[in-house]
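# What the coordinates show
Here is how the chains run, residue by residue.
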Amino acid sequence: MSDTKAFIQFDTTSYVLLGLIGLFLVISVFLRPPAPLAHPFLLGRQATVSKTRYLNESPVYMSSGSSGMAAPLRPEKTILSLNDILQQSLTRFEGGPRGNWVQGGEKLSTLVMELRAGLLSKLGSGEGRVAIFSEDPTDALLLTLALILTPFTPLVIAPGSNLPSNTSVVATFQSSTLFAAAQQLTKGQDSKWISLGGPGDHSDDAMDLLDSGKSLVADAPPVPEAKPSDLALTIVSEGIPLDLSHLNLTASLISWLTMYPAAPKLSRPSINDTILSFHHPSTPYGLGIALLAIYTSAAISLPSLPDEVSSAQVLDALKTPSAAPPTLVFAPSKRFATPLYRAFLEAMLGDSQFVITRARDSKLSLLREGVISQSTFWDKALFSHVRKDTGLVKIRQLVLEGQVEQNRLDFFRIACGVPVQTTLRHAFFLGPLSSSFMYDFQRLPPPGLKDEEITTSEISHVGAPVAGVEVKLRGLESDIAAGRISGEILVRSPMLPPPDSLPPSLLITDDLLPALPAYPGRPPADESAPRWLRTGLRAEMGTEGVLWLDA
């Protein structure tokens, strides 16, 4: 049997039709604009609102992500205390030598357990408060975590905070620069005093503490099992002692984790991330960020920044040669936004003005369509080298605490090519009160501003209430009835210490809503109504469900 070959004959018209089909596929599939990362419906309703309210008060606002239901108190059923968080953590320190005990690359939980063994040997048996005055963030974090796992209670003094009167302690850890402040403490006859040294000055006492702990850790007694209601630590913030339980610590994780949506892709921190935090862990907010890193096993670096920050100092913190480039950066906007902006501008010196303008306008148009990217043509032409020069080659999120000028916020999103979020911090909270949505790239006008009044210098909002936080505004009834929901921010949240431990002058009783369940291990409060914390912050709730702080 002879072999036969079949050939398909194409004429000119067929080739033209096939070419047109191929061109259509290229245009429709490869060149079509990407879809927005967030649906406009979600961006227009970022907070849920209750149906009732008090006179002179707004309705209660909650995170739309919780669908109006109370947030859980812990991220997992097995996470009941700080020890549970540490046991499953693989977090390591980045950023090179920090403080007395970190050289870079050490596993955090290992260092904590070794320090715990050294502390038990140094402090002996018993219990009581141990004060921590530490300028170095890494030393402060390690001491705090290690002391929580002992019978002693850490008394952590936030930077710049006044001490409450008649504060008694059994031991004091203090930086040499904070000696005068530590003298205000009331110390017993057998009270111990351990110096942590100063900037660039290692303390022999501190080094001996870790060295002895390494030799004793194998024989150290096991960590006692803690209940969620047990006191974990006391932080003195703005002169107010905050008695924080393990429940407060685990509840803060919920508020942080809900900032990371699961779609269009999983965005929460992981072992592949490095968190760079410029918030001191002796503050509740800074400690909450550290707990987020520890729970998610992300590496952590805690550099210090002076009160007056230059662009060179920001670059030094971002470009540590011995550290992995940061992927998530948390910083206060007041001290960080301006020097970072200047660092970006300095990195673009020498580039063509035409290229800079075209790159900015092109990526800004993508932002207005709800899209953000690091892989556009203009990233390859300009912004990739800008990120390399500023040490942000692997960044995937920037979180700025406080308000930011909207022009500058857009610029950061354009230059970094990643979500830039704003949050609202309070001195009593382990997490944010509110946070902008990760994929919200809208440029919204402030409430009540007319079109002819809009300029180029409007300040951004600080987002919607996070999960686990309920917010209402207390102001003038005439404004609220007219649709301007403004006034002092009142909040209630499981991140707060029990209300009866806070000054009564900071609380307001609400008879309209049912009270939160009694804190575990505590008897029900005498009052059946919930109590709200007066934050002292004034804001207005926008129609999209986001908070705009008063100037």
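Predicted model only: the values in this text are computed from it and were never measured. (Residues numbered from 1 in each chain as written. Predicted model: local features only at pLDDT ≥ 70, side-chain atom pairs only at ≥ 80, totals over all residues. Heavy atoms only, no water.)

### Focus on the side chain of Glu94
Rules: What counts as a helix is a DSSP run of H or I of at least four residues, what counts as a strand is a run of E of at least two, and both are numbered from the N terminus. With a 1.4 Å probe rolled over the protein chains alone, any residue whose accessible area is under 20% of its type maximum counts as buried; one over 50% counts as exposed, and the rest are partly exposed. Charge assignment in this entry is limited to Lys and Arg as positive and Asp and Glu as negative, and neither His nor the chain termini are counted. We count a salt bridge whenever a side-chain nitrogen from Lys or Arg sits within 4 Å of a carboxyl oxygen from Asp or Glu. Polar contact is the term for a pair of N or O atoms within 3.5 Å; when the atoms are in protein, one must be able to donate a hydrogen and the other to accept it, and sequence-neighboring residues count only if both atoms are side-chain atoms.
Note that Glu94 resides in the loop between helix H3 (82-87) and helix H4 (108-123). Comment: no salt bridge for buried Glu94; closest opposite-charge side chain is Arg92, at 7.7 Å. From its side chain, Glu94 meets the backbone nitrogen of Ala324 in a polar contact 3.3 Å long.

### Description of the packing of aromatic side chains
Just so we agree on the cut-off: Each aromatic pair joins two rings of Phe, Tyr and Trp (for Trp, the six-membered one) with centres within 6.5 Å, and gets the label stacked for planes under 30 degrees apart, edge-to-face for over 60, and tilted for any other angle. We call a charge positioned above a ring when the Lys NZ or Arg CZ atom is no farther than 6 Å from the ring centre and deviates by at most 35 degrees from the ring normal.
For the structure on display, the rule yields 9 aromatic pairs. When the ring of Phe278 is compared with that of Phe336, the centres are 5.0 Å apart and the planes differ by 40°; the resulting orientation is tilted. With Phe278 in the loop between strand E9 (274-277) and helix H9 (284-296) and Phe336 in helix H11 (residues 333-347), this residue pair connects regions lying 58 residues apart in the sequence. With a relative accessible area of 5%, Phe278 lands in the buried category. The class for Phe336 is buried, based on a relative accessible area of 1%. Of note, Arg408 hangs over the ring of Tyr341, and the distance from its end group to the ring centre comes to 4.3 Å.

### Looking at the sheet that holds strand E13 (residues 420-424)
We count it as follows: Pairing between strands is defined by DSSP: at least two bridges between them are needed. Should any heavy atoms of two residues lie within 4.5 Å, those residues are counted as being in contact. Under this scheme, a helix contributes an axis fitted over its contacting stretch, all axes are lines through C-alpha atoms, and angles between N-to-C directions fall in the 0 to 180 degree range.
A sheet is described by the order of its strands in space; here 7 strands give the open sequence E10-E9-E11-E12-E13-E14-E15, paired in mixed fashion. Across the chains shown, the open sheet's two edge strands, defined by having one partner strand only, are strand E10 (299-301) and strand E15 (464-465). Here H9 sits on the sheet in contact with E9, E10, strand E11 (328-332), strand E12 (397-401) and E13, set at roughly 175° to E9.

### Examining helix H8 (residues 246-257)
Two residues of an α-helix separated by three or four positions point the same way, owing to the 3.6 residues in each turn. Threshold: In this analysis, the expected span of each helix is defined as 1.5 Å times one less than the number of residues it contains.
Given a rise of 1.5 Å per residue, 12 residues ought to cover 16 Å, and the 17 Å separating the end C-alpha atoms of H8 matches this to within 8%. For H8, a buried count of 12 out of 12 residues is recorded, marking the element as mostly surrounded by other parts of the structure. Those residues of H8 that sit buried are His246, Leu247, Asn248, Leu249, Thr250, Ala251, Ser252, Leu253, Ile254, Ser255, Trp256 and Leu257. Buried-residue contacts for H8 involve H3, helix H5 (137-148), strand E7 (231-237), strand E8 (240-245), H9 and E11.

### Quick word on the packing of helix H12 (residues 353-368) against helix H14 (residues 406-416)
Our working rule: Each angle is binned into one of four classes, with values under 35 degrees roughly parallel, values over 145 roughly antiparallel, values of 65 to 115 roughly perpendicular, and all other values oblique. Residue polarity follows a fixed list, in which Ala, Val, Leu, Ile, Met, Phe, Trp, Tyr, Cys and Pro are nonpolar, Asp, Glu, Lys and Arg are charged, and the others, Gly among them, are polar.
Contact pair H12 / H14: the axes reach a minimum separation of 10 Å and the direction vectors enclose 105°. On the basis of their axis angle, the class for H12 and H14 is roughly perpendicular. The segment H12 lies against H14, with Arg360, Lys363, Leu364, Leu367 and Arg368 engaging Asp410, Arg413 and Ile414. Grouping the constituent residues of the contact of H12 with H14 by class yields 3 nonpolar, no polar and 5 charged.

### Let's talk about the pattern of salt bridges
Within the structure shown, the criterion is met by 16 salt bridges. Residue Glu477 pairs with Arg53 through a salt bridge whose shortest N-O separation is 2.7 Å. With Glu477 in helix H15 (residues 477-481) and Arg53 in the loop between strand E1 (47-49) and strand E2 (61-63), this residue pair connects regions lying 424 residues apart in the sequence. Looking at Arg53, the relative accessible area reads 32%, which means it is partly exposed. For Arg425, the salt bridge is made with Glu401, and the minimal N-O distance between the two is 3.9 Å. Pair noted here: Arg425 is in the loop between E13 and strand E14 (434-435) and Glu401 is in strand E12, with a separation of 24 residues, a long-range link.

### So, unusual backbone geometry
Of note, the bond from Ala263 into Pro264 is cis; its omega dihedral lies within 30 degrees of zero at 5°. One non-glycine residue, Asn56, lies in positive phi territory at about 70°. For Asn56, the position within the fold is in the loop between E1 and E2. Taking relative accessible area as the criterion, Asn56 reaches 32% and is therefore assigned partly exposed. Of note in the backbone geometry, Glu238 takes a positive phi value of approximately 55° without being a glycine. By the element assignment, Glu238 lies in the loop between E7 and E8.

### Things to note about the packing of H11 against H14
Here is the rule: In this scheme, a crossing is called left-handed if the near helix is turned counterclockwise away from the far one by less than a right angle; it is called right-handed if the turn is clockwise.
Packing of H11 against H14 leaves a shortest axis separation of 11 Å and a crossing angle of 50°. Taken together, the axes of H11 and H14 lie oblique to each other. In this structure, H11 meets H14 at a crossing whose hand is left-handed. Contacts between H11 and H14 involve Ala337, Thr338, Leu340, Tyr341, Phe344 and Leu345 on the former and, on the latter, Arg408, Phe411, Phe412, Ala415 and Cys416. Looking at the contact of H11 with H14, its residues break down into 9 nonpolar, 1 polar and 1 charged.

### Overview of the pairing of strand E5 (residues 168-174)
Of all 7 residues in E5, 5 are buried, a share of seventy percent or more. Taken together, the 4 bridges between strand E3 (residues 128-133) and E5 define a ladder with parallel strand orientation. Bridge assignment links Val130 to a residue of E5, and that residue is Ala171.

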